[in-house]
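Survey of secondary and tertiary structure
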Amino acid sequence: VPSTEYDIRIRPFHVYFIENEEISRVVFGISSTTKTIKTDGGTPVDSPGNVKLETVNARDLLIAWDEIDQEGVTGYEVQVFTGIDTLQETSPSERTSVPISNLEPESVYHCSVRAKTGSDNWGPWSPSVTVKTCPENMRRTLKSGEDCFALVGYYRLGRQAKSCSSENISESLVENSCLENGITVETLPIKTGYWRDSLKTDDIKKCRKPQFCDKISSMYNVTGPNSQCAMNHRGVYCFGCIGDYVLSSSGCEECTKQEEKLHKSRTRWFVVIMVILFMVGILKITCGAGVFEDSKCLKLLSCGNRERRRRNKIAECVKSVSVKCWKRLGFMFIEVKFRILMGFFQVFFSFQRTFQKGTVDTDTSLLEMITGLNPSRLADEFNIRCAYDYNHYDTLFLYTLVPIVFVIVVVGVYMLLSRVYNKYKESVRQETITTVFYLTFLVYPGVSQTILETYLCEEFPTADGNEVFKSALRADYRLSCENSKERVIALVYASIMLVVYPVGIVLLYVSFLKRYHDLILKQDSTNLNQDEKSKLKRVSFLISPYKTERYWFETYELFRKLIQTSLVSFLQDTAFPTLSPTIAMNISIIVAFLLMYMQPYKKTGDFWFAFVSLVLLIPASQLSVLELSSKQITNGNYGIMGVEFGLMIVIVLVELWWQKKGKSEGEVKDLARTESHTDEEFVGVVNDNLNTMEENMKLKKRNADVEDENSRYRDENMRLKERIKELESMVPEDEASRDAVEVAVV
């Protein structure tokens, strides 16, 4: 019997046969000592049962089984194979579990087990168990079922395991996260201030407004992408609001009836401010100046003395006010530096809106409105959203239509004044053209950027299309870029305005420069007649700050600001957030060198102010790239703005001091040091100054002569009055004598 013990004794015996007898006799000898032996087990009848895989990794696994119910089993063997080929067989072992290594990730294997008895009595193989190894850094156990889970330090995305410490995601995860097995992309511990369009993606983006993404709403059973948003927020980057809430700079605010009433009142004030801005333009034409801030200049608005008002000589008064106020304001604001300052802030605020979304300080909205005449910024300052919750499309319509209406109004004012006061038609025309130029100068960068931003959308491929749009407008994430009637109308309108503003304003400047080209080139000549001087005043806004050979520089400035604002934002790439700021920095460096090369400004102070302003745009473009907090970025913005204002004040004070020390001498020396001026131009300027001085001397002499003559007339008048009184006292009573006296008086 297999696997049975037996006691064995051996003894000899003899068999005897007796002849002719059928019976034989056996004689036994003495027995040996007893020896116990055990028979072999024999070949196992059954294969091991309940073969299972306790753990499965990417390159190894642990297989286990139950012992067979048979005595004499001396070991087990495991076979791993794919299809027909056997990959490996383990050495016989008495254990009921064996690790298998050197496997390939995500590969299918078949495993079988058999038992043996004795030294080499193998039983049948068990039915094969099929297994697929997990991807790298993943594991599967009996408890986890068929799905592999990510190991510590990794998270599962689809069938793959990704590291929680990878560069593109580590900064968006909570510190010391992924310290347990089984983290999935849905359960990633994301920091406050970050957002993703779906819980099934690891493309985690920094919120444009970090305070909108503080995940408070997860406490109120909100699921899906909106669980990442602050209370009452929803949608792309949590920019949307639920229910009766509207978006403000601080977040979604509830519009109660009281708030709605207050915002309607603010809306009326907003309209009043817009009307006042229109009136400023009309006053600019009628009074030949900009915004009147000098008290003495305001006093001149009374139009002189009562005699002038009584006689209703309005046109003469307008001319007087225009000249005096413009001179005062030109001195007070330093026009060219003011324009350089406005140009700097136009680009600076564009950088803020493009690169620093979420870190822009709303206290600068009013300054941004002034430098770009953007009505939506004024509306932000008034906070009227409970009365009218405007979006980017509303801003587009308002920002583009208001300047057009303004131009129509000022042209109407020009036509009216030209008919009523034909004598001053040319001066009114000059002021009208200058006003339109000022308007285009202020609105061009901002309105061009607003138009081009209408075409810029950001894609969210993993979004569901309901709670989060699959494509949203970058300028206003509350708006979908998917086909809709509103979207089509906005695109058609933006295409029309693209021709009117970015293209049309440039053509306007070019047409004026081309029309007066010959006259501009000889503007320094002393032989210009009055008509030519009047025509030059029409384009003085375009050419007055610049040298004659650089008369086209204002058009170049349009292109420069267009590239630094609109085109830079057009190149913004969310996949490479540092690309657009880097391009902006390189453009700022290039235009600064171009300015240094061309040196277009007449005044040295204007040149250095423009140059430093361009240099300050370099750090302004890089604040969003540096690892800085929102507060540090805001402080950096204020620092740059302070340097710009301080630099302007310093340059103005230096120029005033220089003028006080010797204005004429300083300008002549500065002109002589400027390489771009030729000897003929230098001599021409000196001759102009001498002629002006000679004319002034003649005028003074003539005024003295007139004063002497007036004094003589006053004395003669007094003498005649005394003579008349004397004669009247001698008038006789008879009529004939009175006639004789009257003849004598005459």
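The structure this text deals with has already been given above.
Overview of the structure. It should be emphasised that the depicted structure is a prediction, and the values quoted were computed from it without experimental measurement.

1. Considering the overall build of the protein
The number of helices and strands found in the protein is 19 helices and 25 strands. Here the protein holds 746 residues, and the buried ones make up 40% of them. Restricting the contact set of the protein to residue pairs at least 6 apart, pairs at least 24 apart contribute 62%. Carbon together with sulfur atoms contributes 57% to the accessible area of the protein, which is approximately 42,200 Å² in total.

2. Here's the deal with empty space enclosed by the protein
In total, this model carries 3 cavities of 30 Å³ or more according to the counting rule given. Roughly 190 Å³ of volume is contained in the largest cavity. Every residue lining the largest cavity is counted, 19 residues in all, and those nearest its centre are Arg339, Ile340, Glu557, Arg560 and Tyr601. Only α5 (335-355), α14 (553-570) and α16 (604-622) provide two or more residues apiece to the lining of the largest cavity.

3. Describing the sheet that holds strand β25 (residues 476-480)
Taken in spatial order, the 3 strands of this open sheet run β23-β24-β25, and their pairing is antiparallel. For this open sheet the edge positions go to β23 (457-459) and β25, each flanked by a neighbour on one side alone. Each strand of the sheet is rotated relative to its neighbour by a mean of 40°, with strand direction disregarded. Summarising the sheet, strand β24 (residues 471-473) and β25 pair through 2 bridges and their orientation is antiparallel. Following the sheet pairing, Leu473 is matched in β25 by Asp476.

4. Regarding the packing of α5 against α14
Between α5 and α14, whose axes approach to 8 Å, the crossing angle comes to 15°. Considered as vectors, α5 and α14 are oriented roughly parallel to each other. In this structure, α5 meets α14 at a crossing whose hand is left-handed. Mapping the contact onto sequence places Arg339, Gly343, Gln346, Val347, Ser350, Phe351, Thr354 and Phe355 in α5 and Glu554, Arg560, Lys561, Gln564, Thr565, Val568 and Ser569 in α14. A breakdown of the residues in the contact of α5 with α14 according to their chemical character gives 4 nonpolar, 7 polar and 4 charged.

5. Regarding the state of the cysteines
Per the stated rule, a full pass over the model turns up 7 disulfides. Across the disulfide from Cys229 sits Cys238; the S-S distance is 2.1 Å. On the sign convention where negative means left-handed, the S-S torsion of about -85° between Cys229 and Cys238 marks this disulfide as left-handed. Each member of the pair Cys229 and Cys238 is classed as buried. Covalently, Cys457 is tied to Cys481 through a disulfide, its sulfur atoms 1.9 Å apart. Sign of the S-S torsion, about -85° for the bond between Cys457 and Cys481, identifies this disulfide as left-handed. With Cys457 in strand β23 and Cys481 in the loop between β25 and α10 (485-515), the pair connects residues that are 24 residues apart, well separated along the chain.

6. Section: the packing of aromatic side chains
With the rule as written, the count across this model stands at 29 aromatic pairs. Note on Trp65 and Tyr76: the rings are 5.6 Å apart at their centroids and 55° apart in plane angle, and the pair reads as tilted. Of this pair, Trp65 sits in strand β6 (residues 61-66) while Tyr76 is found in strand β7 (residues 73-82), placing the two residues 11 residues apart along the sequence. Look at Trp65 and you get buried, because its relative accessible area is 3%. Ring centres 6.0 Å apart and planes at 70° place the aromatic pair Phe441 and Phe541 in the edge-to-face group. Note that Phe441 is positioned in helix α9 (residues 425-453) and Phe541 in helix α13 (residues 540-543), a separation of 100 residues in sequence. Using a relative accessible area of 1% as the deciding quantity, one classes Phe541 as buried. Taken together, Phe437, Tyr438, Phe441, Tyr509, Phe512, Tyr516 and Phe541 form an aromatic cluster joined through their ring pairs. The residue whose ring lies beneath Arg208 is Tyr237, and the NZ or CZ to ring-centre distance is 4.6 Å.

7. Side note on the side chain of Glu557
Mapped onto the elements of the fold, Glu557 is located in helix α14. For Glu557, a relative accessible area of 11% corresponds to the buried category. Ignoring sequence-local partners within four residues, the contact set of Glu557 consists of Tyr546 and Tyr601.

8. Some words on the environment of Ile183
With respect to the helices, strands and loops of the structure, Ile183 is situated in the loop between β16 (160-163) and β17 (194-195). Judged by relative accessible area, which is 8%, Ile183 ranks as buried. For the pair Ile183 and Gly153, spaced 30 residues apart in sequence, the C-alpha to C-alpha distance is 8.6 Å. Setting aside its immediate chain neighbours within four residues, Ile183 contacts Ala150, Tyr154, Tyr155, Arg156, Cys178 and Leu188.

9. Overview of the environment of Arg550
In this fold, Arg550 is placed in the loop between α13 and α14. Along the sequence, Arg550 and Tyr601 sit 51 residues apart, while their C-alpha atoms lie 8.2 Å from each other. In this view, Arg550 contacts Met598 and Pro600; residues no more than four positions away in its chain are not counted.

10. Looking at a nonpolar patch on the surface
Taken together, Leu401, Ile404, Ile408, Val488, Val492, Ile496 and Val500 make up a surface patch of nonpolar side chains, about 570 Å² in accessible area. If you list the elements that add at least two residues to the nonpolar patch, you get α8 (392-420) and α10. Per-element accounting of the nonpolar patch gives the leading share, 4 residues, to α10. Among the structural elements, Val500 can be located in helix α10. Given the relative accessible area of 36%, Val500 is considered partly exposed.

Rules and cut-offs
Residues numbered from 1 in each chain as written. Predicted model: local features only at pLDDT ≥ 70, side-chain atom pairs only at ≥ 80, totals over all residues. Heavy atoms only, no water. Helix = DSSP H or I, 4+ residues; strand = E, 2+ residues; numbered from the N terminus. Buried < 20%, exposed > 50% of the residue type's maximum accessible area, 1.4 Å probe, protein only. Contact = heavy atoms within 4.5 Å. Areas by Shrake-Rupley, 256 points an atom, 1.4 Å probe, with all protein chains shown as cover. 1 Å grid on protein atoms, 1.4 Å probe; cavity = no way out; pocket = protein on both sides within 12 Å on 5 of 7 lines; lining within 4 Å. Points joined across faces, edges and corners; volume = space filled by probe spheres on them. Pairing = 2+ DSSP bridges. Axes fitted to C-alpha atoms, helices over the stretch in contact; angles between N-to-C directions. Parallel < 35°, antiparallel > 145°, perpendicular 65-115°, else oblique. Left-handed = near helix turned anticlockwise from the far one by under 90°. Nonpolar A, V, L, I, M, F, W, Y, C, P; charged D, E, K, R; others polar. Disulfide = S-S within 2.5 Å. Phe/Tyr/Trp six-rings, centres within 6.5 Å; stacked < 30°, edge-to-face > 60°. Lys NZ or Arg CZ within 6 Å of the ring centre and 35° of its normal. Patch = residues over 30% accessible without salt bridge, like charges linked within 9 Å, V, L, I, M, F, W, Y side chains within 5 Å. Salt bridge = Lys/Arg side-chain N within 4 Å of Asp/Glu carboxyl O.

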